[in-house]
Amino acid sequence: MYAHSKGINYFDTAPGYCNDKSEEIVGAAVRQLKRDTFYVSTKCGAADGGQVRASLEKSLKRLNVEKIDFFHVWGVLSLEGWGNRKAKGAVAAVRKAKEEGLVGHVVCSSHMPGKDIRVMLADELVEGVTLGYCAINFPYRDDAVTAAGEMNLGVVAMNPLGGGLIPQNAERFGFLKGPDDPSVVAGALRFCVSHPAVTSALVGFSSKEQIDEAVAAVAHFKPHTPARVAEIRQHILASFEGLCTGCEYCLPCPEDIRIPQMMDTFNQSLLSGRGEKIMRERLKWHWGTTNEEAARCTECGLCEDRCTQHLPIRERMKVIASLVEEKK
Ligand code: SF4
Ligand code: SF4
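Below is a short write-up of the structure. (Residues numbered from 1 in each chain as written. Chains lettered and ligands numbered in written order. Predicted model: local features only at pLDDT ≥ 70, side-chain atom pairs only at ≥ 80, totals over all residues. Heavy atoms only, no water.)

Some words on the site of ligand 2
With respect to spatial proximity, 13 residues lie near ligand 2, and among them Cys244, Cys247, Glu248, Cys250 and Cys307 are the closest. Split by residue class, the shell around ligand 2 holds eight nonpolar, four polar and one charged. (Near = heavy atom within 4 Å. Nonpolar A, V, L, I, M, F, W, Y, C, P; charged D, E, K, R; others polar.)

What to know about the site of ligand 1
Every residue lining ligand 1 is accounted for by Cys253, Pro254, Glu255, Ile259, Cys297, Thr298, Glu299, Cys300, Gly301, Cys303, Arg314 and Met317. Among the residues making up the shell around ligand 1, the classes are represented as seven nonpolar, two polar and three charged.

Some remarks on the state of the cysteines
What the rule picks out here adds up to zero disulfides. Sulfur of cysteine 18: no disulfide; nearest cysteine sulfur belongs to cysteine 44 and is 19 Å away. Sulfur of cysteine 192: no disulfide; nearest cysteine sulfur belongs to cysteine 134 and is 7.3 Å away. The class for cysteine 192 is buried, based on a relative accessible area of 0%. (Disulfide = S-S within 2.5 Å. Buried < 20%, exposed > 50% of the residue type's maximum accessible area, 1.4 Å probe, protein only.)

Observations concerning the environment of lysine 96
Looking at the secondary structure, you find lysine 96 in helix 6 (residues 90-99). Owing to a relative accessible area of 48%, lysine 96 belongs among the partly exposed residues under this scheme. (Helix = DSSP H or I, 4+ residues; strand = E, 2+ residues; numbered from the N terminus.)

Points about the sheet that holds strand 7 (residues 200-202)
Read across the sheet, seven strands follow the order 1-2-3-4-5-6-7 without closing on themselves; strand pairing throughout is parallel. Taken across any chain shown, the strands that pair with only one partner, and hence form the sheet edges, are strand 1 (10-12) and strand 7. The sheet shows a mean angle of 25° between the axes of neighbouring strands, direction not considered. Pairing of strand 5 (residues 128-132) with strand 6 (residues 154-158), which is carried by five bridges, proceeds in the parallel orientation. Considered in strand 6, the bridge of glycine 128 is made with glycine 154. Its contacts with the sheet place helix 6 against strand 3 (68-76) and strand 4 (103-110), and it is angled at close to 155° to strand 4. Relative to strand 4, helix 7 (residues 114-121) is tilted by about 150°, and along the sheet it contacts strand 3, strand 4 and strand 5. (Pairing = 2+ DSSP bridges. Axes fitted to C-alpha atoms, helices over the stretch in contact; angles between N-to-C directions. Contact = heavy atoms within 4.5 Å.)

Focus on the packing of aromatic side chains
This structure, assessed with the given rule, holds five aromatic pairs. Measuring from centroid to centroid gives 5.4 Å for tyrosine 10 and phenylalanine 70, while their planes differ by 50°, and the two rings are tilted. One end of the pair, tyrosine 10, is in strand 1; the other, phenylalanine 70, is in strand 3, with 60 residues separating them in the sequence. Here the two residues tyrosine 10 and phenylalanine 70 agree in accessibility, since each one is buried. An angle of 80° between the planes, with centres 5.9 Å apart, marks the rings of tyrosine 140 and tryptophan 287 as edge-to-face. Here tyrosine 140, found in helix 8 (residues 138-150), pairs with tryptophan 287, found in the loop between helix 14 (275-286) and helix 15 (291-295); they are 147 residues apart in sequence, far enough to count as distant. Across the pair, tryptophan 287 and tyrosine 140 agree in class, each one buried. Each member of the aromatic cluster is reached from another via a ring pair, and the members are Tyr10, Tyr39 and Phe70. Lying across the ring of tryptophan 74, lysine 43 places its NZ or CZ 5.8 Å from the centre. (Phe/Tyr/Trp six-rings, centres within 6.5 Å; stacked < 30°, edge-to-face > 60°. Lys NZ or Arg CZ within 6 Å of the ring centre and 35° of its normal.)

Structural notes on the nonpolar core
Burial of nonpolar side chains together is a common tendency in soluble globular proteins. In this structure, Phe173, Leu176 and Ile236 are the most contacted members of the largest nonpolar core, which totals 71 residues. When residues in this core are grouped by element, the largest group, eight residues, is from helix 10 (residues 184-193). Ignoring anything within four residues of it in the chain, the contact list for leucine 176 reads Ala135, Ile166, Asp181, Gly187, Ala188, Phe191, Arg228, Ile232 and Ile236. Among the nonpolar cores identified, the runner-up in size contains 19 residues, and Ile257, Phe266, Ala294 and Ile313 belong to it. (Core = buried A, V, L, I, M, F, W, Y, C linked by side-chain atoms within 4.5 Å.)

Let's talk about the pairing of strand 4
Burial analysis of strand 4 places seven of its eight residues in the buried class, which makes it a mostly covered element. Looking at chain direction, strand 4 and strand 5 are connected through four bridges and run parallel. Across the sheet, cysteine 108 pairs through a bridge with valine 129, a residue of strand 5.

Observations regarding the environment of proline 139
Along the polypeptide, proline 139 turns up in helix 8. We classify proline 139 as partly exposed; its relative accessible area is 24%. As for proline 139 and glycine 114, which are separated by 25 residues in sequence, their C-alpha atoms are 8.5 Å apart. Ignoring sequence-local partners within four residues, the contact set of proline 139 consists of Leu237, Thr245 and Gly246.

Side note on the pattern of salt bridges
In total, this model carries 23 salt bridges according to the counting rule given. Across the pair lysine 34 and aspartate 36 runs a salt bridge whose closest N-O atoms are separated by 3.4 Å. Take aspartate 36: its relative accessible area is 62%, and that puts it in the exposed class. The salt bridge involving aspartate 180 is made with arginine 190; its shortest N-O contact spans 3.1 Å. Linking aspartate 180 in the loop between helix 9 (165-168) and helix 10 with arginine 190 in helix 10, this pair joins segments that are ten residues apart in sequence. (Salt bridge = Lys/Arg side-chain N within 4 Å of Asp/Glu carboxyl O.)

The values are spatial; any link to function lies outside them.
Next up, the structure:
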């Protein structure tokens, strides 16, 4: 309610968030609002069309709405997975619900590399995409954002603050704050939404102060000039010493290891200082994989010869491969 009173009008949830309570919480809040003053977004990750329909009907009830404005084919992790969602009816189920007026827009969300998301969007089955896009991972997703812009699709940038890593490393990312930005957070958000194809930024909040900070960041929003964006991009790439930028020059790997995803996992550890825990979480929840993927590395070294950041990829693969499941 506080966020809405400050002008925020897009609320994103999912059945599984917050121990399955998120949709009910959002539903309880939005029932107090005038329907034409907000958009609600939710998701389903099933491939089977029947399961998607059942999930969608539950979401409608929990959210107290007659129509879900944006319904996501949720968390597409590979083109094979996307093929599955099409073959088993998930995409068709959401499109049918749209025809019935139960869904406003058919959208998808993905953690795939930009070029794969481009392929998915080219099917012309969705009207928009939710993807991670921020000052840390933009090279990895640029292609998708550009493709969506070319197709006039909506782009919702999730984790525009790098999942909290940018504010946690405010000194390192200080250069994002320009003379007219009130904070590093404001500079990071401005960088993200200055991309002309980005429609909206999803910022997670855990306090009213964080809402105030994000709202202040965009209150007098002026997009960066293309020259300033190019300058910031250059600065980011140059200052990413020791970090993977997601450029993908290291690929392909003969063992079919998704090296940028593995190195992104290592980035999280370096930037957050949360070591193994954050790496395990990143592998499982963001990349839908385990340490086994890194364990396939034969240490051939091909990737290191090509890496633009000269990263010790083999060493990092070993660290990731050695991660063990946390005991409950
Ligand atoms: S060193 Fe490992 S990750 Fe790199 S290309 Fe060879 S097998 Fe793949
Ligand atoms: S070449 Fe290096 S920086 Fe680029 S994606 Fe591969 S590991 Fe990351």
